[in-house]
Number of protein chains: 2
Amino acid sequence: MTTMKQIAQAAGVSVSSVSLVLNGHDAGRIKPAVAERIRQTARQMGYQPNALARSLRTNKTRMIGFISVQVATTPYAGGMIQGAQDALSELGYMLLTVSGDDATAIESEIRALKRYGVDGFLYSAMSNRVVDIPDSLAEFPLVLVDATDETNRFPSVEPDELRIGYDATTRLVEAGCERIAYIGCTEPMIAQTGRLSGYRQALEDAGRTPNERLICDVLNNGPALQAVEHLFDAEQPDGFFCFNDARAWYVYESAARRGLTIGHDLSVVGVDNHRVFAETLDPELTTIELPHYEMGYWAANKLVSQIEKRPINEDAWPHTTAMMPPLNTPSPVRIHCTLIEKGSVATRRASHSK
Amino acid sequence: MTTMKQIAQAAGVSVSSVSLVLNGHDAGRIKPAVAERIRQTARQMGYQPNALARSLRTNKTRMIGFISVQVATTPYAGGMIQGAQDALSELGYMLLTVSGDDATAIESEIRALKRYGVDGFLYSAMSNRVVDIPDSLAEFPLVLVDATDETNRFPSVEPDELRIGYDATTRLVEAGCERIAYIGCTEPMIAQTGRLSGYRQALEDAGRTPNERLICDVLNNGPALQAVEHLFDAEQPDGFFCFNDARAWYVYESAARRGLTIGHDLSVVGVDNHRVFAETLDPELTTIELPHYEMGYWAANKLVSQIEKRPINEDAWPHTTAMMPPLNTPSPVRIHCTLIEKGSVATRRASHSK
DNA sequence: GTGAAAGCGCTAACAT
DNA sequence: ATGTTAGCGCTTTCAC
């Protein structure tokens, strides 16, 4: 690794001149000819600044800590990390990822990140839920990703869960479904409550009365399939809104066992947590993809703009097919996510007695 | 952040004494009483060493760069990163994750990692394939994760693909399947070739002749389903070994459309790339889980032992249900992975005309 | 315009 | 047994 000192020697100038030039602080301070010579030699010698030395001096590391709280060991954060990374890479920052299962583990990871002097933190749980931010983070720049702060002290980027539920259900209504079931999850989290509310509200706005027997909250396990099968037989739904892809699969399997085809005999709209649908499931299944990547991307942009005390760059959104957020307002702010849909919903009334 | 200087003042000693004590280099150099006083004040003042300053001095950062090459933007590396992170956290290291789609992007990320002074690199593609390691990494400690080095210069940790294919196929043979199909992928990669070889070898060892018409290599897209459906009708297989869960889903769907049930009418063994099976698919489907977490964990241990020029700690394997590797041999080394299986395979002869 | 010098927080060789 | 000193590579103030 060549240093500024070496460049200074090679160019016959002092280190301070080199520093000034290489950092672009040479306007009217260093003679243009000399500046150019310095830049030349730096390039020739393949100079790369030592980020650590710089950080030690400036007290800024351009490193961001990404904390993800796993409930078990399932790594859900993939897309979000990816998005955060891409954004930070564009902004000249580095991402340090860290994770832990319980508060103690997280605390210890936070200490480690602090030793390395990160400029700020991104914080995510798995699935949008209310999280309790450790006090040890309180005085740092911090943005939550797909999570909600209990105390409302910090900005967050999350999907509009209510709207997810509302849009999905409306879609099923418009497709002509009359008995629309909700297959949700039993854990009390933002995503569950929000989507369920959206489901109810959409039905009411369509002039219907939500039928509690069509609401089926299940865990991620074996008995869930039986519960869904029971719902199938007892209530004969012709449309399903599924909390996530695991739930959608229960519907898929139950339908298959009854000789029914999704998109033909019945309609399903599911939320895709794992990005599996796109690769595997039937195109007739309508899915709402959680924009994990975009959440990470935006959260990172938000965090850095906060760190650098400048307004967020609204042009810096990623060029995905996903969506454009209606950009808003002072923090704490939740970015409302318009969501993409894939595939189509059966538009005629479904029948179980086909 | 309190510094050594502050501690020195508070304890009435010099910084060097503080440094010596806090780094455990005070054996017979600092009076035990003084040492204790120093440790006390350090604790009281909540001292956390400044990792950057230390690194600047020692030329070691205890940071590792994790490079993952995505082919598109699918974040496959989740489990591996998780494993690497956990291992490194135990070893007192920090992980810097980075990714890119093409060689240029990767090169630029590598430069960034070097600026931050990482001590070594982990390198992964998505799925076990032959990768071309950039020269810019050649002089650094480097371990490949779920990838194979073309030039054989670097150690790697990968699953034993041949054995995966062999074991899966053997399982189907033992379950009484007579017409065992292989649903693979068209890309030429280690995983594909290895598993296919294993499939062939298992059939031969069972005294059978592989039937080329039962081998179906498809892409991850729509036409794949048709190809599988065609295979279903033309060859009437009673057992399937699937390259990954996307392929398994094609089989699943084709079977459902024909009113056949996996585990009852036919047998399937699939390799689980996304950790989806375990959560969603039928327990009658036998899956071989790729030990992504373990690969990351082991690779990180291997890398650090290399960096610290000490033998790898063989007790440091993660306590998962997965497997114990027969620990071996000088680098470059491939860790042979014994794999877990989940669920059961139909043990009686399957029939399409049920 | 340019260079000398101080210092960020830490380690380690060298004095005492 | 403890303190003094000299940097690691860089930024930045202050002289010239």
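Residues numbered from 1 in each chain as written. Chains lettered and ligands numbered in written order. Predicted model: local features only at pLDDT ≥ 70, side-chain atom pairs only at ≥ 80, totals over all residues. Heavy atoms only, no water.

Caption draft 1: Representation of the packing of aromatic side chains in the model. Residues and elements named next belong to chain A. Under the definition given, this model contains 12 aromatic pairs over all chains. Ring plane angle 80° and centroid distance 5.3 Å describe the contact between F121 and F140, whose orientation is recorded as edge-to-face. Taken together, the residues span a long stretch of sequence, with F121 in strand β3 (residues 120-124) and F140 in the loop between β4 (130-131) and β5 (142-145) at a distance of 19 residues. For F121, a relative accessible area of 0% translates into the label buried. (Phe/Tyr/Trp six-rings, centres within 6.5 Å; stacked < 30°, edge-to-face > 60°. Helix = DSSP H or I, 4+ residues; strand = E, 2+ residues; numbered from the N terminus. Buried < 20%, exposed > 50% of the residue type's maximum accessible area, 1.4 Å probe, protein only.)

Caption draft 2: Structural context of the interface of chain B and chain A. The partner chain A presents 48 residues to the 49 residues of chain B that form the contact. Where chain B abuts chain A, roughly 4,300 Å² becomes buried across the two surfaces, and 59% of that area is made up of carbon and sulfur atoms. Contributions of two or more residues to the side of chain B that touches chain A are made by α4 (51-58), α5 (78-91), β2 (94-100), α6 (103-115), α10 (245-257) and α11 (277-280) of chain B. Among the elements that take part in the side of chain B that touches chain A, α10 of chain B stands out by supplying 8 residues, more than any other. For the side of chain B that touches chain A, a count of residues per class yields 22 nonpolar, 17 polar and 10 charged. (Contact = heavy atoms within 4.5 Å. Buried area = accessible area lost by both parts, 1.4 Å probe. Nonpolar A, V, L, I, M, F, W, Y, C, P; charged D, E, K, R; others polar.)

Caption draft 3: Structural view of the protein's contact with DNA strand D. Neighbouring residues of DNA strand D: 26 residues in total, closest Y47 and R57 of chain A together with S16, K31 and R57 of chain B. Note that a phosphate oxygen of DNA strand D is positioned 3.0 Å from one of the side-chain N or O atoms of S19 of chain A. Residue N50 of chain A places a main-chain N or O atom 3.2 Å away from a phosphate oxygen belonging to DNA strand D. At the level of elements, α2 (15-22) and α4 (51-58) of chain A together with α2 (15-22) and α4 of chain B are the ones that each hand at least two residues to the surface near DNA strand D. Examining the composition of the surface near DNA strand D, we find that 4 residues originate from one element, α4 of chain A, more than from any other. Taken together, the residues of the surface near DNA strand D break down into 9 nonpolar, 11 polar and 6 charged. (Near = heavy atom within 4 Å. Polar contact = N/O pair within 3.5 Å; in protein donor to acceptor, adjacent residues only side chain to side chain.)

Caption draft 4: The arrangement of unusual backbone geometry in detail. Residues and elements named next belong to chain B. Phi is positive for N59, close to 65°, though the residue is something other than glycine. Relative to the assigned elements, N59 resides in the loop between α4 and β1 (63-69). Within the chain, R62 stands out as a residue other than glycine whose phi angle is a positive 55°. For R62, the position within the fold is in the loop between α4 and β1.

Caption draft 5: Structural context of the environment of A33 of chain A. When you line up the elements, A33 of chain A lands in helix α3 (residues 32-44). Each C-alpha atom of the pair A33 of chain A and P159 of chain A lies 53 Å from the other, and the pair is 126 residues apart in sequence.

Caption draft 6: Examining the pairing of β3 of chain A more closely. Residue and element names in this part refer to chain A. Across the 5 residues of β3, 5 count as buried, placing the element largely inside the fold. Neither face of β3 is left uncovered, since the one carrying G120, L122 and S124 and the one carrying F121 and Y123 both have all their residues buried. Of the strand pairs in this sheet, strand β1 (residues 63-69) and β3 are connected by 5 bridges, and their pairing is parallel. Paired with I67 across the bridge in β3 is Y123. Bridging between β3 and β5 involves 4 bridges; their strand directions are parallel. Following the sheet pairing, Y123 is matched in β5 by L144. (Pairing = 2+ DSSP bridges.)

Caption draft 7: Fine view of the side chain of R195 of chain A. All names here are of chain A. Here R195 lies in helix α8 (residues 190-205). A distance of 2.8 Å separates a polar atom in the side chain of R195 from the backbone oxygen of F243. Leaving out residues up to four positions away in the same chain, R195 has contacts with E161, I164, G165, Y182, I190, F241, F243, V271 and L290.

Caption draft 8: Examining helix α10 (residues 245-257) of chain A more closely. All names here are of chain A. Compared with the 18 Å implied by 1.5 Å per residue over 13 residues, the 18 Å span of α10 between its first and last C-alpha is a close match. The buried count for α10 comes to 11 of 13 residues, which makes it a mostly enclosed element. At the N-terminal end of α10, a side-chain oxygen is found 3.0 Å from the backbone nitrogen of R247, two or three residues along, and the residue is N244. (Expected span 1.5 Å × (residues − 1).)

Caption draft 9: Fine view of the relation of the copies chain B and chain A. If you rotate chain B by 180° and push it 0.0 Å along the axis, it lands on chain A with an RMSD of 0.1 Å. The superposition operator between the copies reduces to a two-fold rotation axis. Across chain B, the smallest distance between a C-alpha and the rotation axis is recorded for L96 of chain B, namely 2.4 Å. Looking at the interface residues of chain B, 98% of them are also at the interface in chain A, so both copies use one shared face. (Least-squares fit on C-alpha atoms with pLDDT ≥ 70 in both.)

Caption draft 10: Region of interest: the nonpolar core. Counting 85 residues, the largest nonpolar core has F240 and V251 of chain A together with F240 and V251 of chain B as its most contacted members. For F240 of chain A, the residues in contact, after removing those within four places along its chain, are L172, A181, I183, L231, F232, V251, L266, S267, V268 and V269 of chain A. (Core = buried A, V, L, I, M, F, W, Y, C linked by side-chain atoms within 4.5 Å.)

Caption draft 11: Region of interest: the pattern of salt bridges. All told, the structure shown has 26 salt bridges over all chains when counted by the stated rule. With a closest N to O distance of 2.9 Å, R258 of chain B and D233 of chain B form a salt bridge. Placement of the pair is R258 of chain B in the loop between α10 and β11 (267-272) and D233 of chain B in helix α9 (residues 222-235), with a sequence separation of 25 residues. Take R258 of chain B: its relative accessible area is 28%, and that puts it in the partly exposed class. Residue E253 of chain B pairs with R257 of chain B through a salt bridge whose shortest N-O separation is 2.8 Å. A residue pair is termed a helical-turn pair when its members lie 3 or 4 positions apart in one helix, as E253 of chain B and R257 of chain B do in helix α10 at 4 residues. Through salt bridges that share partners, E229, D233, E253, R257 and R258 of chain A make up one connected network. (Salt bridge = Lys/Arg side-chain N within 4 Å of Asp/Glu carboxyl O.)

Caption draft 12: Spatial organisation of the environment of T2 of chain A. Residue and element names in this part refer to chain A. Mapped onto the elements, T2 comes out in the segment before α1 (4-11). T2 gets classed as buried once you look at its relative accessible area, which sits at 19%. Sequence separation between T2 and Y47 is 45 residues, and the spatial gap between their C-alpha atoms is 5.5 Å. The contacts of T2, once residues within four sequence positions are left out, are M45, G46, Y47 and Q48.

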